Amino acid sequence: MTRRAYDDGRTAAYNYAYLDEQTKRMIRRALLKAVAVPGYQVPFGSREMPLARGWGTGGIQITAAIIGPADTLKVIDQGADDTTNAVSIRRFFERTAAARTTEATAAATIIQTRHRIPEQPLAAGQILVYQVPLPEPLRRLEPREAETRKMHAWAEYGLMHVRLYENIARFGEVTTTYDYPVAVNGRYVMAPSPIPKFDNPKMDMCPALQLFGAGREKRIYAVPPHTRVVSLDFEDHPFRIQSWTEPCGLCGATDTYLDEVVTDDRGGRMFVCSDSHHCETRRAEGHHGPMLAAAASIHLVEKEDAA
Amino acid sequence: MTLAVNPAQLGADPAPILSAGDVSRFYGERIGCAGVSFDLWPGEVLGIVGESGSGKSTLLRCLAGIDRPDQGEVRFAGRAGGMLDIFSVSEQERRAMMRTEWGIVHQNPRDGLRMHVSAGGNVGERLMDRGDRHYGRIRAAAADWLARVEIDPGRIDDRPVQFSGGMQQRLQIARVLVSGPRLVFMDEPTGGLDVSVQARLLDLVRVLVRDLGLAAIIVTHDLAVARLLTDRLMVMKAGRVVEQGLTDQVLDDPQHPYTQLLTSAILSA
Amino acid sequence: MTPAEMIRVEGVSKTFTLHNQGGARLPVFRDVTFSVRAGEALVLAGPSGTGKSSLLRILYGNYLPNAGSIAIRHGGEVIDIASAPPRAVLEVRRRTMGFVSQFLRVIPRVTALDIVRDPVLARGGSEAEATEKAQAILARLNLPERLWNLAPATFSGGEQQRVNIARSFVSPSPILLIDEPTASLDAANRAVVVDLINEARARGTAIVGIFHDEDVRDRVATRALDITAFKAAA
């Protein structure tokens with residue numbers, strides 16, 4: 001790795017991409033093992049980072065270990081590129097790794113994410129890095145770590161279905177809407193981090209490499225490109241993703257994950273794409289949603305978008 | 001005169017289902033249980049009696065595959081035929097057997113139930129463990145088993161924390177029996193229950209064991225429970241078996257000094 | 001053992017040892033030897049305390065003899081109750097040898113009718129046959145019909161005893177051991193019991209019994225065995 005423009009006089013005290021090379025090597029070794037055993041949680045020596053655990057330190061450490069001068073980084077938080085957390089993480093890598101950053105999904109080589117997978121299909125060569133708060137899908141059902149390890153080792157996953165059973169028994173359907181458990185490559189059951197179950201199908205046979213980092217829990221796992229990822233379900237209660245009765249209010253998309261936005265204090269509300277970049281791209285391409293003009297009038301979007 | 005006991009006359013299956021040979025477990029210098037050997041036959045109910053600390057529960061944990069004996073072996077009749085040393089197979093295989101071939105009803109329901117999972121989920125777990133993936137059929141099986149242990153199937157979605165002690169024990173029994181095990185272990189199944197609730201539970205166990213042709217090993221310090229439920233009795237003292245035989249014979253004509261003390265210490269069994 | 005012999009007792013001795021009373025030894029009898037053929041009713045005679053009940057319990061496998069053998073004809077086999085494993089003894093009790101005592105061991109929550117039906121079902125009878133036979137014998141023993149579908153736990157001593165007798169005679173075993181069956185029964189029911197015993201014997205059941213009531217004894221016995229002949233030296 002060449003040492004270059006990151007040394008702008010302000011950050012010289014740090015190694016490239018903040019972490020020292022030994023730590024990066026340790027993380028890369030964990031990543032290699034994770035890729036070799038899809039869905040298996042590999043322990044790693046999670047480091048202190050200059051932000052609190054639970055703010056994405058696992059994802060940041062993975063990104064720091066894999067980023068290079070040729071990479072372009074996109075960071076999304078709640079599907080958006082412009083939230084505080086996304087902006088801070090992007091700035092962190094701009095300063096410590098002199099990273100090129102982008103909001104365009106297709107232009108990114110590394111996408112660090114919390115909560116979402118971009119709507120635009122990912123391509124071979126891209127890497128999706130997830131920030132994972134709770135990597136153990138069995139934890140809420142079995143508190144003992146030694147026991148959950150045995151359950152993974154021997155694929156004793158009946159308990160996962162007990163959880164789904166409980167949901168259907170109580171609410172008539174599986175009400176788990178995010179962090180919905182999946183079976184990877186027909187073997188390990190994996191927590192896909194708090195993405196909506198809407199995004200689960202995007203993980204299946206995805207051409208991009210998917211890496212998961214849990215900083216506080218000190219676990220790394222991975223889904224290699226073109227790997228089967230199946231959401232758990234029952235034969236008579238098959239897995240279904242969320243759907244909405246109305247299109248995105250801004251761009252009119254009917255096939256995206258929508259967030260509810262409150263527009264005034266009189267009960268007004270609208271549904272808009274959670275993936276802000278995708279929505280903007282569609283509007284730039286001339287797609288219009290039914291609420292676009294109204295949104296522009298209250299400055300939810302720039303005037304020229306509404307034009 | 002020939003005195004022949006022809007095994008063919010003694011039930012359809014001539015092979016024991018469980019065979020313990022010199023089972024011993026030590027806690028440092030102290031003996032948990034030592035030198036316990038016996039055969040258990042399909043359909044037979046064996047009682048293990050003795051006072052607290054006599055090694056009953058230690059022995060049960062060895063027999064049920066929870067704790068490895070320091071000495072001796074526990075062999076179980078495999079479905080394919082032949083006896084399998086349950087501690088010579090991998091832990092994975094042993095755990096699989098523990099979930100399907102036999103089951104344990106614990107003294108404390110908290111050890112045997114998931115207290116925050118509904119009754120239906122508790123009963124259905126073993127079915128889901130073995131790969132059942134049809135919600136409707138799992139639920140129907142759970143409702144059926146709740147009825148068989150005399151729990152109103154209308155309470156299928158209630159959690160065990162909302163159940164009485166007697167109901168929790170019956171729920172444990174349903175949870176274990178749903179997968180069709182051939183052997184059931186019970187550790188003081190009526191401990192901590194009111195006398196009237198005990199009677200109901202005992203009767204239920206008696207009927208289920210008889211109707212399903214189960215083999216059972218019941219640990220109890222209550223000789224009345226032993227007399228009502230068991231065919232055979234082993235009396236334990238300080239980790240060793242001091243007397244064993246037909247239940248009514250051991251209780252009515254005890255031979256060992258300790259058994260005589262035990263049977264005379266109660267008013268009637 | 002000749003083909004007609006159902007029970008052959010040889011050299012049976014019994015001494016109780018009370019370990020918790022200084023190891024006191026209570027010899028009961030020594031070297032008891034006799035046999036009972038099908039269709040015979042052997043009455044054990046002798047004053048109380050000579051071990052009649054103990055002998056009956058030894059035959060049933062309930063007490064353990066110190067020496068000797070108890071050969072029982074069980075189907076096509078001969079089984080020594082004194083040395084057979086528990087499951088063999090239980091199988092003999094299930095199919096071959098019944099015990100009629102004064103006391104009913106009450107099973108919680110099981111109705112009188114079901115208690116009496118049970119032996120018929122255990123021997124392979126149909127539900128309908130079991131119910132029919134059970135109702136007939138309960139009626140014959142004058143147990144009020146309103147009690148049939150109740151559990152006998154709350155019955156009087158005499159009522160419980162009649163349930164017990166009904167259970168024993170509804171489908172009589174090839175061998176019946178009988179201990180004081182009429183102790184708390186009135187004359188009418190006593191007569192029914194005598195008839196039941198004689199009917200069973202006439203159908204080939206081998207009977208060993210203890211009867212305090214002289215009249216009952218005389219009407220039932222085909223042979224008597226005085227147990228005092230085997231009195232063990234103290």
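Small disclaimer: the values here were computed from a predicted structure and weren't measured. (Residues numbered from 1 in each chain as written. Chains lettered and ligands numbered in written order. Predicted model: local features only at pLDDT ≥ 70, side-chain atom pairs only at ≥ 80, totals over all residues. Heavy atoms only, no water.)

### Comments concerning the overall build of chain B
Along its length, chain B carries ten helices and ten strands. Against the compact-globule benchmark of 18 Å for 269 residues, chain B has a radius of gyration of 19 Å, which places it among compact chains. By its C-alpha atoms, chain B is 60 × 50 × 45 Å across when sized along the principal axes. When burial is assessed residue by residue, chain B has 53% of its 269 residues classed as buried. For chain B, the share of sequence-separated contacts (at least 6 apart) that also reach a separation of at least 24 residues comes to 66%. Accessible surface, chain B: about 10,800 Å² in total, of which carbon and sulfur atoms supply 48%. A gap of 6 Å separates the mean positions of the 30 positive and 33 negative side-chain charges of chain B. (Helix = DSSP H or I, 4+ residues; strand = E, 2+ residues; numbered from the N terminus. Rg over C-alpha atoms; globule rule 2.2 N^0.38 Å. Buried < 20%, exposed > 50% of the residue type's maximum accessible area, 1.4 Å probe, protein only. Contact = heavy atoms within 4.5 Å. Areas by Shrake-Rupley, 256 points an atom, 1.4 Å probe, with all protein chains shown as cover. Lys, Arg positive; Asp, Glu negative; His and termini not counted. Charge placed at Lys NZ, Arg CZ, Asp CG, Glu CD.)

### Side note on the overall build of chain C
Within chain C, the secondary structure is distributed over seven helices and nine strands. On C-alpha atoms alone, chain C measures out to a radius of gyration of 18 Å, which is about the 17 Å that the 2.2 N^0.38 rule sets for 234 residues. Each principal axis of the C-alpha distribution contributes one length, and for chain C these read about 50 × 40 × 35 Å. Within chain C, buried positions represent 53% of all 234 residues. Sequence-distant contacts in chain C: of pairs separated by 6 or more residues, those separated by 24 or more amount to 68%. Total accessible area computed for chain C in this model is approximately 9,900 Å², and 48% of it derives from carbon and sulfur atoms. Each charge class in chain C was averaged separately, 28 positive and 24 negative side chains, and the resulting centres sit 5 Å apart.

### Looking at the packing of aromatic side chains
One pass over the structure, following the stated rule, counts 15 aromatic pairs over all chains. Taking 4.9 Å as the distance between ring centres and 55° as the angle between the ring planes, the aromatic pair formed by Phe-76 of chain B and Trp-102 of chain B counts as tilted. Remark: Trp-102 of chain B occurs in strand 6 (residues 102-105) and Phe-76 of chain B occurs in strand 4 (residues 71-77); sequence separation between them is 26 residues. Across this residue pair, the class does not change: Phe-76 of chain B and Trp-102 of chain B are buried. Between Arg-148 of chain B and the ring centre of Trp-145 of chain B, over which it is positioned, the NZ or CZ distance is 4.2 Å. A cation over a ring is seen here: Lys-14 of chain C above Phe-16 of chain C, with NZ or CZ 4.7 Å from the ring centre. (Phe/Tyr/Trp six-rings, centres within 6.5 Å; stacked < 30°, edge-to-face > 60°. Lys NZ or Arg CZ within 6 Å of the ring centre and 35° of its normal.)

### Notes on the interface of chain A and chain B
Of the residues lining the interface, 21 residues belong to chain A; the matching set on chain B comes to 23 residues. Both faces combined, the contact of chain A with chain B buries some 2,000 Å², and carbon together with sulfur accounts for 53% of it. Between the two partners, chain A and chain B, sit five salt bridges. With its nearest N and O atoms 3.1 Å apart, the salt bridge here joins Arg-99 of chain B to Glu-156 of chain A. For the pair chain A and chain B, the interface holds twelve residue pairs in polar contact (both at pLDDT 80 or more). Those elements giving two or more residues to the side of chain A that touches chain B turn out to be helix 4 (145-153) and helix 5 (158-171) of chain A. Counting residues per element, the side of chain A that touches chain B draws most heavily on helix 5 of chain A, at nine residues. Here the side of chain A that touches chain B is built from residues that sort into nine nonpolar, three polar and nine charged. (Buried area = accessible area lost by both parts, 1.4 Å probe. Salt bridge = Lys/Arg side-chain N within 4 Å of Asp/Glu carboxyl O. Polar contact = N/O pair within 3.5 Å; in protein donor to acceptor, adjacent residues only side chain to side chain. Nonpolar A, V, L, I, M, F, W, Y, C, P; charged D, E, K, R; others polar.)

### With respect to the interface of chain C and chain B
Each partner contributes residues to the interface: chain C has 34 residues there, and chain B has 33 residues. In total, chain C and chain B occlude about 2,900 Å² of area from one another, counting both sides; carbon and sulfur atoms represent 54% of this. When residues of chain C are sorted by the area they lose upon contact with chain B, Glu-77, Arg-87 and Arg-109 of chain C head the list and together hold 23% of the total. Seen at the junction of chain C and chain B, the total is nine residue pairs in polar contact (both at pLDDT 80 or more). With eight residues, the top contributor of residues to the side of chain C that touches chain B is helix 2 (residues 86-95) of chain C. Per-class residue counts for the side of chain C that touches chain B are 15 nonpolar, six polar and 13 charged.

### Details of the environment of Ala-141 of chain B
Within the secondary structure layout, Ala-141 of chain B lies in helix 5 (residues 135-148). Taking the C-alpha atoms as reference points, Ala-141 of chain B and Gly-120 of chain B, 21 residues apart in sequence, are found 8.9 Å from one another.

### Side note on the domain arrangement of chain B
Residue and element names in this part refer to chain B. When its domains are assigned, chain B resolves into domain 1 (11-101 + 181-264) and domain 2 (113-176). Here the C-alpha centroids of domain 1 and domain 2 sit 25 Å apart. Taken together, the contact pairs 15 residues of domain 1 with twelve residues of domain 2. Summed over both sides, the interface of domain 1 with domain 2 buries roughly 1,200 Å², with 64% coming from carbon and sulfur. Considering only the side of domain 1, the residues that lose the most area to domain 2 are Arg-99, Arg-200 and Leu-204, jointly responsible for 40% of the buried surface there. Summed over the shared surface of domain 1 and domain 2, the number is one salt bridge. Run the count over domain 1 and domain 2 and you get three residue pairs in polar contact (both at pLDDT 80 or more). Contributing elements (two or more residues each) for the side of domain 1 that touches domain 2: helix 2 (91-100) and helix 7 (195-212). With seven residues, helix 7 is the single largest residue contributor to the side of domain 1 that touches domain 2. Residue classes in the side of domain 1 that touches domain 2 are distributed as eleven nonpolar, one polar and three charged. (Domains from an automatic or database assignment.)

### As for the side chain of Thr-15 of chain C
All names here are of chain C. Tracing the backbone shows Thr-15 in strand 1 (residues 5-18). Judged by its relative accessible area of 17%, Thr-15 is buried. Not counting residues up to four positions away in its chain, the partners in contact with Thr-15 are Arg-25, Leu-26, Pro-27, Val-28 and Asn-66.

### A closer look at the packing of helix 2 (residues 57-66) of chain A against helix 3 (residues 84-97) of chain A
All names here are of chain A. At a closest axis distance of 12 Å, the pairing of helix 2 and helix 3 adopts a crossing angle of 30°. The orientation of helix 2 relative to helix 3 falls into the category roughly parallel. Crossing of helix 2 over helix 3 shows right-handed handedness. In contact with Ile-60, Thr-63 and Ala-64 of helix 2, helix 3 contributes Ile-89, Phe-92 and Phe-93. Its residues assigned to classes, the contact of helix 2 with helix 3 shows five nonpolar, one polar and no charged. (Axes fitted to C-alpha atoms, helices over the stretch in contact; angles between N-to-C directions. Parallel < 35°, antiparallel > 145°, perpendicular 65-115°, else oblique. Left-handed = near helix turned anticlockwise from the far one by under 90°.)

### A word on helix 1 (residues 56-63) of chain B
Residue and element names in this part refer to chain B. Counted residue by residue, helix 1 has six buried out of eight residues, so it is predominantly covered. Regarding helix 1, the residues found buried are Lys-56, Thr-58, Leu-59, Leu-60, Cys-62 and Leu-63. With its phi angle positive at about 85°, Gly-65 sits one or two positions after the end of helix 1.

### Observations regarding the pattern of salt bridges
Residue and element names in this part refer to chain A. Tallied over the full model, the rule gives 50 salt bridges over all chains. Between Glu-145 and Arg-149 there is a salt bridge, with its nearest N and O atoms 3.0 Å apart. In this pair, Glu-145 and Arg-149 both sit in helix 4, four residues apart, roughly one turn of the helix. The class of Glu-145 is partly exposed, set by a relative accessible area of 29%.

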